[in-house]
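Read off the chains here:
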Amino acid sequence: QVQLVESGGGLVQPGGSLRLSCAASGSIFSMQAMGWYRQADGKQRELVASITSGGSTAYVDSVKGRFTISRDNAKNTLYLQMNSLKPKDTAVYYCNADLQVTPYVRAMNYWGKGTLVTVSS
């Protein structure tokens, strides 16, 4: 069974850094588009950063210049490097990916369970 498992969240002071990881486990033929979403208390889930299978990236304006999304296809892992963190970055961060389990079926969309990032002094 395919799963996405996030790690790397925690408590950090304003201005600090964290690196989130999302490991895809199970039988995976290919990883296609992937992304990080976040949801703060009382707010809707928003797309923070995305990366295509070819490596093209996109970011929400509020994190441009501070966050970097990357992927390691050999390790079936997605990353989010977060620098210069602000209290408004506090949220549960979710990994999302289109994964193809065999070359004979189309990719399906998967979500991780999330990892909490708290930015506070």
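Anyway, here's the lowdown on the structure attached to this text.

Conventions and cut-offs
Residues numbered from 1 in each chain as written. Predicted model: local features only at pLDDT ≥ 70, side-chain atom pairs only at ≥ 80, totals over all residues. Heavy atoms only, no water. Helix = DSSP H or I, 4+ residues; strand = E, 2+ residues; numbered from the N terminus. Rg over C-alpha atoms; globule rule 2.2 N^0.38 Å. Buried < 20%, exposed > 50% of the residue type's maximum accessible area, 1.4 Å probe, protein only. Contact = heavy atoms within 4.5 Å. Areas by Shrake-Rupley, 256 points an atom, 1.4 Å probe, with all protein chains shown as cover. Lys, Arg positive; Asp, Glu negative; His and termini not counted. Charge placed at Lys NZ, Arg CZ, Asp CG, Glu CD. Disulfide = S-S within 2.5 Å. Pairing = 2+ DSSP bridges. Axes fitted to C-alpha atoms, helices over the stretch in contact; angles between N-to-C directions. Phe/Tyr/Trp six-rings, centres within 6.5 Å; stacked < 30°, edge-to-face > 60°. Lys NZ or Arg CZ within 6 Å of the ring centre and 35° of its normal.

From N to C terminus, the protein includes zero helices and 11 strands. Tracing the protein from N to C terminus, the helices and strands come up as β-β-β-β-β-β-β-β-β-β-β. Its C-alpha atoms give the protein a radius of gyration of 14 Å, within 12% of the compact-globule value 14 Å for 121 residues. Seen along its three principal axes, the alpha-carbon backbone of the protein occupies a region of about 50 × 25 × 25 Å. Split into buried and exposed, the 121 residues of the protein put 37% on the buried side. Considering only intrachain contacts with a sequence separation of at least 6, the fraction spanning at least 24 residues in the protein is 56%. In the structure as shown, the protein presents an accessible area of about 6600 Å², 48% of it carried by carbon and sulfur atoms. Between the mean site of the 12 positive side-chain charges and the mean site of the 7 negative ones, the protein shows a separation of 2 Å.

With the rule as written, the count across this model stands at one disulfide. Here Cys22 is linked by a disulfide to Cys95, with a sulfur-sulfur distance of 2.1 Å. Between Cys22 and Cys95, the S-S dihedral sits near -75°, and the bridge is therefore left-handed. You can see Cys22 sitting in strand E3 (residues 18–25) and its partner Cys95 sitting in strand E9 (residues 91–100), a full 73 residues away along the chain. Overall, the relative accessible area of 0% leaves Cys22 in the buried class. Judged by its relative accessible area of 0%, Cys95 falls in the buried class.

The sheet built from four strands is open, its strands ordered E1-E3-E8-E7 with antiparallel pairing. Strands with a single pairing partner mark the edges of an open sheet, and in this sheet they are strand E1 (3–7) and strand E7 (67–72). The average undirected angle you get between the axes of adjacent strands in this sheet is 15°. Pairing of E1 with E3 involves five bridges; the strand directions are antiparallel. The partner of Glu6 across the bridge, within E3, is Cys22.

Below, the discussion takes up the packing of aromatic side chains. This structure, assessed with the given rule, holds two aromatic pairs. Aromatic side chains Tyr94 and Trp111 sit 6.5 Å apart centroid to centroid with 85° between the ring planes, which places their arrangement in the edge-to-face category. Taken together, the residues span a long stretch of sequence, with Tyr94 in strand E9 and Trp111 in strand E10 (residues 108–111) at a distance of 17 residues. Site record: aromatic cluster; members linked through ring pairs are Tyr37, Tyr94 and Trp111. Cation over ring: Arg19 sits above Tyr79, and NZ or CZ is 4.0 Å from the ring centre. In this arrangement the basic side chain of Arg45 is found over the ring face of Tyr94, its NZ or CZ atom lying 3.7 Å from the centre.

Spatial relationships are all this shows, so hold off on functional conclusions.
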